[in-house]
Amino acid sequence: MAERSKTLRRFFVLPMVLTCFTFWGLFASGHSQEDGPLTLQEAVRMALGDNPRILAVRYGQEASEAGLQEAESGRLPRLTFNETYTHSNNPVFVFGSLLEQARFGPENFRPEVLNSPDSYSNFRSSLELQLPIFNRFHVTSQIEKARIETEQAGSRTEMTHQQIRFQVIETYFGVLVAEKQKEVADEAVQTALAELRLIRDLSSQGMVVTSDLLAMEVQLAEFQQQLVQAEGNVNSAYASLYTVLGQPIDLARDLTEELVDRTFPVSTVTELIQRAVRFRPDYRIAELTVESRDQDVRTSTGQSWPDLNLFADYGNSSQNLTNGSSDFAVGARLTLKVVDFGRGPRTD
């Protein structure tokens, strides 16, 4: 009797983790309707459908792609329109505005006019075209960092998909394991009940002692307790599955897959490590993070280099926006930072 109890306990505990890996290849098979049995393939599709985690990484990837387009726009020419209105009696301003508007005359050379002019208005309209030639690696580094961020977002998306697939497989077969545990527990209770009836008959005939009857009743109580626990495990397993699927817990659809024994060859530890390093998205994200930090170093190094930009400017100056004089300018602008007093001493 004691040996039989040990045997029932041994079959009561099923290897859940091995079962999950065993049935990985089954999720690509099977078809079901919304009110019929639930296949593993359909469960994965449901989990990946409107999952908030999928939406979050998808929006993150779209934001990264938009950031890459923005960074690439730094290489394009920039056209700027400016409209400025100034009213002043500053002698230099009045003198220059008259020249810009082509309204300067001999009367403006009088000392009293030069020294104490009346206030004057000037409208300045201008179009400026600027073409970046070299900007201390800033644009190229920003483009590279945006490209890295886009690739990282793609890796995060793939990693999230893998995690959700694994959770579906784990909880799906968790339900099957829980149901098998319940079947084993129910068989144990039925077997114990049959033995208890037999021992009671033998006890009434005086063929067994009372202690054997009491021991069997205790054994039956233990098996009944295990059955109640197994039933609770089934409910918990279904709740976990439908939580992963994002579906109502009371859906209560049967599962189509079955638990069978299968054996898979396992590669060596070295081969497994090499495959993990090659295919794991989180490892690729870490590699890309290092590349992004290299771009930060490149940008910091380029701060000691000059900026070089070409520009073309077309403007019009007038007193009342209806008439005036136009002018243009073309050239190159070289900017070199000599000393940055705003940067404090390094503390690292």
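Definitions and cut-offs
Residue numbers run consecutively from 1 along every chain, following the written order of its sequence. Where local features are concerned, this predicted model is filtered to residues with pLDDT of at least 70; where side-chain atom pairs are given and counted, the filter is 80 or more; whole-chain, interface and lining totals use all residues. Based on all heavy atoms of the structure, the side-chain values leave hydrogens and waters out of the count. Each helix is a run of H or I in the DSSP string that is no shorter than four residues. Each strand is a run of E no shorter than two, and both are numbered from the N terminus. Relative accessibility under 20% of the residue-type maximum defines a buried residue, over 50% an exposed one, and the middle range a partly exposed one, all with a 1.4 Å probe and only protein chains included. It only takes one pair of heavy atoms within 4.5 Å for two residues to be counted as in contact. Under the convention used here, a 1.4 Å probe and the Shrake-Rupley method define accessible areas, while residue burial counts only the protein chains that appear. Here a salt bridge means any side-chain nitrogen of Lys or Arg lying within 4 Å of a carboxyl oxygen belonging to Asp or Glu. Stacked, tilted and edge-to-face pairs are distinguished by plane angle, under 30 degrees for stacked and over 60 for edge-to-face with tilted covering the rest, among Phe, Tyr and Trp rings (Trp via its six-membered ring) whose centres lie within 6.5 Å. A ring is considered to have a charge above it if a Lys NZ or an Arg CZ atom is located within 6 Å of its centre and within 35 degrees of its normal. Put simply, a nonpolar core is a bunch of buried Ala, Val, Leu, Ile, Met, Phe, Trp, Tyr and Cys residues held in one set by side-chain atoms that sit within 4.5 Å of each other. Given a helix with a known number of residues, its expected span is that number minus one, times 1.5 Å. Here, a strand pair is defined by DSSP locating no fewer than two bridges between the strands. Axis angles are defined between N-to-C directions and span 0 to 180 degrees, where every axis is a line fitted to C-alpha atoms and, for a helix, only to the segment in contact.

## Re the overall build of the protein
Scanning the protein from N- to C-terminus turns up ten helices and four strands. Counting from the amino terminus, the protein carries its helices and strands in the arrangement α-α-α-α-β-α-α-β-α-α-α-α-β-β. Evaluated residue by residue, the protein yields a buried proportion of 30% over its 348 residues. Counted over contacts in the protein with a minimum sequence separation of 6, partners at least 24 positions apart contribute 79%. Counting only carbon and sulfur atoms, one obtains 56% of the accessible surface of the protein, whose full area is about 22,500 Å².

## Description of the environment of Thr-86
Examined against the element boundaries, Thr-86 turns out to sit in strand E1 (residues 78-88). Overall, the relative accessible area of 29% leaves Thr-86 in the partly exposed class. Thr-86 sits 34 residues away from Tyr-120 along the chain, and the two C-alpha atoms are 8.2 Å apart. In contact with Thr-86, other than residues within four places in its own chain, are Phe-93, Tyr-120, Ser-121 and Asn-122.

## A word on the pattern of salt bridges
Oppositely charged side chains are able to pair whenever their charged atoms sit close together. Counted according to the given criterion, the structure contains 16 salt bridges. Its salt-bridge partner being Glu-151, residue Arg-147 comes within 3.2 Å of it at the nearest N-O pair. In this pair, Arg-147 and Glu-151 are both assigned in helix H7 (residues 138-204), four residues apart and thus about one turn of the helix distant. Since its relative accessible area comes to 31%, Arg-147 is described here as partly exposed. On the accessibility criterion, Glu-151 (28% relative accessible area) is partly exposed.

## Concerning the packing of aromatic side chains
Across all of its chains, the model carries eight aromatic pairs by this definition. An angle of 85° between the planes, with centres 5.0 Å apart, marks the rings of Phe-104 and Phe-109 as edge-to-face. A relative accessible area of 22% places Phe-104 in the partly exposed class. On the basis of relative accessibility, which here comes to 54%, the residue Phe-109 falls in the exposed class. These aromatic residues form a ring-pair network of at least three members: Phe-95, Phe-104 and Phe-109. In this structure, Arg-333 packs its charged tip against the face of Phe-311, placed 4.6 Å from the ring centre.

## A short note on the nonpolar core
Within the largest apolar cluster, 24 residues are counted, with the highest numbers of intra-cluster contacts made by Leu-38, Val-168, Tyr-172, Leu-241, Leu-245 and Leu-255. Counting residues per element, the ones that place at least two in this core are helix H3 (40-49), H7 and helix H8 (210-245). It is H7 that contributes the most residues to this core, eight residues altogether. For Val-168, the residues in contact, after removing those within four places along its chain, are Leu-40, Ala-43, Val-44, Ala-47, Leu-241, Val-244 and Leu-245. Within the second largest apolar cluster, twelve residues are counted, among which are Ala-192, Met-216, Phe-223 and Ala-230.

## Let's talk about H7
For H7, with 67 residues, the first-to-last C-alpha span of 96 Å sits near the 99 Å given by 1.5 Å per residue. At the exit of H7 stands Gly-206, carrying a positive phi of roughly 75°.

## Structural notes on the pairing of strand E3 (residues 307-318)
One ladder, built from twelve bridges, connects strand E2 (residues 120-135) with E3; its direction is antiparallel. What sits directly across from Ser-126, in E3, is Gly-315.

## Here's the deal with the sheet that holds E1
Read from one edge to the other, the open sheet built from four strands follows the order E1-E2-E3-E4, with strand pairing classed as antiparallel. Edge positions in the open sheet fall to E1 and strand E4 (325-335), since each of these has one partner strand only. Looking at each pair of strands side by side, their axes are set apart by 20° on average, direction ignored. Note that E1 and E2 share eleven bridges and pair antiparallel.

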